[in-house]
Amino acid sequence: MDTTQLLKGVLDVAVLAVLDQEDSYGYDVVRRLREAGLDDVGDASVYGTLRRLFKAGALTSYVVPSDEGPHRKYYGLNNAGRATLATSRKDWSTFARTMDTLLEPR
Amino acid sequence: MIATPVTEYAAAVRAALADVPAADRAELLEDLEEHLAEIDAESGESLEARLGPPERYAAELRAAYTDVAVEKPRVTAWALFDRTEAGIAEFFEQRVPEHPGVRAALRDARPMWWLLRGYLTAYVFWAIIAGEDRGPLPDDPGEFLCVLLFAGASVWLGQRARSGSPRRRPIALVTALFSAFAIWAGLVFLSTVDLAGGASYYPQSYAEDPVESRFGGTINIYPFKDGKPLTDVQLYDQDGNPVNSPPLEEYPMIPGSRPVAANVYPKPLCYQTDEDAPMDAVLRLMPVCPQTPEVGPVPDATAPPAEQSPSPTTKPTAKPTASPTPSPTGRS
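Residues numbered from 1 in each chain as written. Chains lettered and ligands numbered in written order. Predicted model: local features only at pLDDT ≥ 70, side-chain atom pairs only at ≥ 80, totals over all residues.

Caption draft 1: Examining the overall build of chain A more closely. Helices and strands together make up the secondary structure of chain A, namely four helices and three strands. Secondary structure elements of chain A, listed N to C terminal, follow the sequence α-β-α-α-β-β-α. Counting only contacts in chain A whose residues sit at least 6 apart along the sequence, the fraction spanning at least 24 positions is 49%. (Helix = DSSP H or I, 4+ residues; strand = E, 2+ residues; numbered from the N terminus. Contact = placed C-beta atoms within 7 Å.)

Caption draft 2: Layout of the overall build of chain B. Looking only at helices and strands, chain B features twelve helices and four strands. Looking at chain B residue by residue over its 332 residues, the buried ones come to 19%. (Buried ≥ 20, exposed ≤ 12 C-beta atoms within 10 Å, placed from the backbone.)

Caption draft 3: Geometry of the interface of chain B and chain A. Facing the 21 residues of chain B at the interface are 25 residues of chain A. Counting residues per element, the ones that place at least two in the side of chain B that touches chain A are α2 (22-28), α3 (32-42) and α5 (54-65) of chain B. No other element matches α3(B), which puts seven residues into the side of chain B that touches chain A. A per-class count over the side of chain B that touches chain A returns twelve nonpolar, one polar and eight charged. (Nonpolar A, V, L, I, M, F, W, Y, C, P; charged D, E, K, R; others polar.)

Caption draft 4: How the structure looks around the nonpolar core. A:V15, A:V46, A:L50 and B:L61 are the most contacted members of the largest nonpolar core, which has 40 residues in total. Elements supplying a minimum of two residues to this core: α1 (3-21), α2 (26-35), α3 (43-55) and β3 (72-77) of chain A together with α1 (5-16), α3, α4 (47-51) and α5 of chain B. Excluding its chain neighbours within four sequence positions, the residues that come into contact with A:V15 are A:V29, A:V46, A:T49, A:L50 and A:L53. With twelve residues, the next largest nonpolar core counts B:Y123, B:W126, B:C146 and B:F178 among its residues. (Core = buried A, V, L, I, M, F, W, Y, C linked by C-beta atoms within 7 Å.)

Caption draft 5: Molecular detail of the UniProt feature "transmembrane region" (unreviewed entry) in chain B. Residue and element names in this part refer to chain B. According to UniProt, the feature "transmembrane region" (unreviewed entry) maps to residues 112-129, 141-158 and 170-190 in the numbering used here. Secondary structure over residues 112-129 splits into 100% helix and 0% strand, and the C-alpha atoms at its two ends are 25 Å apart. Spanning residues 170-190, this segment combines 100% helix with 0% strand, and its end C-alpha atoms are found 30 Å apart. (UniProt positions renumbered as here; feature names shortened; annotations may be inferred.)

Caption draft 6: Up close: the sheet that holds strand β2 (residues 59-64) of chain A. Residues and elements named next belong to chain A. The three strands lie next to each other as β1-β3-β2, forming an open sheet whose pairing is antiparallel. Each edge of the sheet is formed by a strand with only one pairing partner; in this case those strands are β1 (24-25) and β2. By the bridge criterion, two bridges tie β1 to β3 in an arrangement that is antiparallel. The residue bridging Y25 from the neighbouring strand is Y74, located in β3. (Pairing = 2+ DSSP bridges.)

Caption draft 7: View of the packing of α1(B) against α3(B). All names here are of chain B. Where α1 meets α3, the closest approach of the two axes is 9 Å, and the angle between their N-to-C directions is 130 degrees. By the angle between their axes, α1 is oblique relative to α3. In this structure, α1 crosses over α3, and the sense of that crossing is right-handed. Within the contact between the two elements, α1 uses P5, V6, T7, Y9, A10 and V13 and α3 uses L32, E33, L36, A37 and D40. In terms of residue class, the contact of α1 with α3 is made up of eight nonpolar, one polar and two charged. (Axes fitted to C-alpha atoms, helices over the stretch in contact; angles between N-to-C directions. Parallel < 35°, antiparallel > 145°, perpendicular 65-115°, else oblique. Left-handed = near helix turned anticlockwise from the far one by under 90°.)

Caption draft 8: The arrangement of the confidence of the model for chain B in detail. Residue and element names in this part refer to chain B. Mean pLDDT over chain B stands at 74; residues scoring 70 or higher make up 71%. Considering only residues more than four positions removed or in separate chains, one finds that residues 68-73, a stretch of pLDDT under 50, has twelve contacts. Within the model, pLDDT remains below 50 along residues 197-211, and this stretch shows 16 contacts once partners closer than five positions in the same chain are excluded. For this predicted complex, the interface score ipTM comes out at 0.80, alongside a pTM of 0.40. (pLDDT = per-residue confidence, 0-100.)

Caption draft 9: Examining α1(A) more closely. Residue and element names in this part refer to chain A. For α1, the principal kink sits at V10 and spans about 60 degrees. For α1, the complete set of buried residues consists of L11, D12, A14, V15, L16, V18 and L19. In this structure, the buried side of α1 is in contact with β1, α2, α3, β3 and α4 (79-103). (Bend = angle between axes of the 7 residues up to and from the residue.)

Caption draft 10: Highlighting α3(B). All of the buried residues along α3(B) are B:L32, B:E34, B:H35, B:L36, B:A37, B:E38 and B:D40. Looking at the buried positions of α3(B), the neighbouring elements they touch are α2, α3 and β3 of chain A together with α1 and α4 of chain B.

Caption draft 11: Structural detail: unusual backbone geometry. Residues and elements named next belong to chain B. Cis geometry is found at the peptide bond from Y265 to P266, where omega equals -10 degrees. For P266, the location among the structural elements is in the loop between β4 (264-265) and α12 (277-280). The phi dihedral of D226 is positive, around 55 degrees, even though this residue is not glycine. Structurally, D226 is set in the loop between β1 (224-225) and β2 (228-229). Judged by the 5 C-beta atoms lying within 10 Å of it, D226 is exposed. Phi angles above zero are rare outside glycine, and D232 is one such case at about 50 degrees.

Caption draft 12: Quick peek at the environment of B:S257. Among the structural elements, B:S257 can be located in the loop between β3 (233-234) and β4. When the C-alpha atoms of B:S257 and B:P268 are compared, they prove to be 6.5 Å apart, with eleven residues separating the residues in sequence.

Caption draft 13: Layout of the pairing of β3(A). As judged from the six bridges shared by β2(A) and β3(A), these two strands associate in the antiparallel manner. Across the sheet, the residue bridging to A:V63 is A:K73, located in β3(A).

As structure tokens, this is what we get:
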């Protein structure tokens, strides 16, 4: 099964969940998602999602100067982001339960 | 600016997104260079090898950025509307049996509901415009057009929702208001429509008056004994309440008659016109009102002496005055 298609629908909530654990910058979010097992996640998808969530008012952002490389733009959840995550979490568990039941081998 | 792999790649991505509105593009690509530099720094491979061609990167970026909007947790009026609509839908969804036959029947019945919705709305709409009681069927071109218009709009909205067109909130709201209005109109329709097909003859207030409903079509009572008419008969019902027929404009007091208590019969009433006299004049006991109106109640010498206040319980209710009221209408 093509997991990139599945990923599209849940990337928002995945990104929100990662940022809920800890504030993070673009490339770090990609890395953490891949470490969590979402190997197929595209760099551009994550970057675009971050910018979109930020524009939609779900994220805060701040620049952290770095000694060894370029300045990094960190993202974190604000109240709106946390509310979105809470709703998405509930929706997801309902959806996942439904799919589990549906796909249960008989 | 010195061209580096990062700026080259970023420039190619920007070029591929040239059609995105400037404000959006600036917002999206705000820190693209920093982001790419991060990737470049962490791996030995070239950016192309890691990320694919810039055009594909741009396409992926575009898809991710213009994806479905993130849920706004602010409680807007629209969000409230969405939730209400979803709640109502779920309420009915849970109550309709899962049986496929039932579901299919309901689905088939939907166009009927659309028509009914349009018709009911048109009915009330037209009643408001025309400002009178309407019959259930359209009976003039304007009314017909009104029904056609509303039914058409209703079917269009229903068809649109069914065909799976993307839900647009304004249209969903119009549909919801349409439905709510039609349901309300249906209740109005059931409570006011005169199925005989026209404006009801009596004003609403009389039809709701318990006295009027008790009297039905009776306007006056002429008691007889041994073939001779009785006068000044007081009537009471089983509870001892005086039997009072309501005053009606169409039947004024005979000019010059003395006022009697409301439950004394026969009342000195008369027909205002004699239009339908040839039909039932033979059996009719109520006289026709004199054509030349007299002014004020003139004491009648032939009348028996008045018995003042026949019963303490009778209230001197409002009665048509002895002076003839100018009423243009006849009986029908």
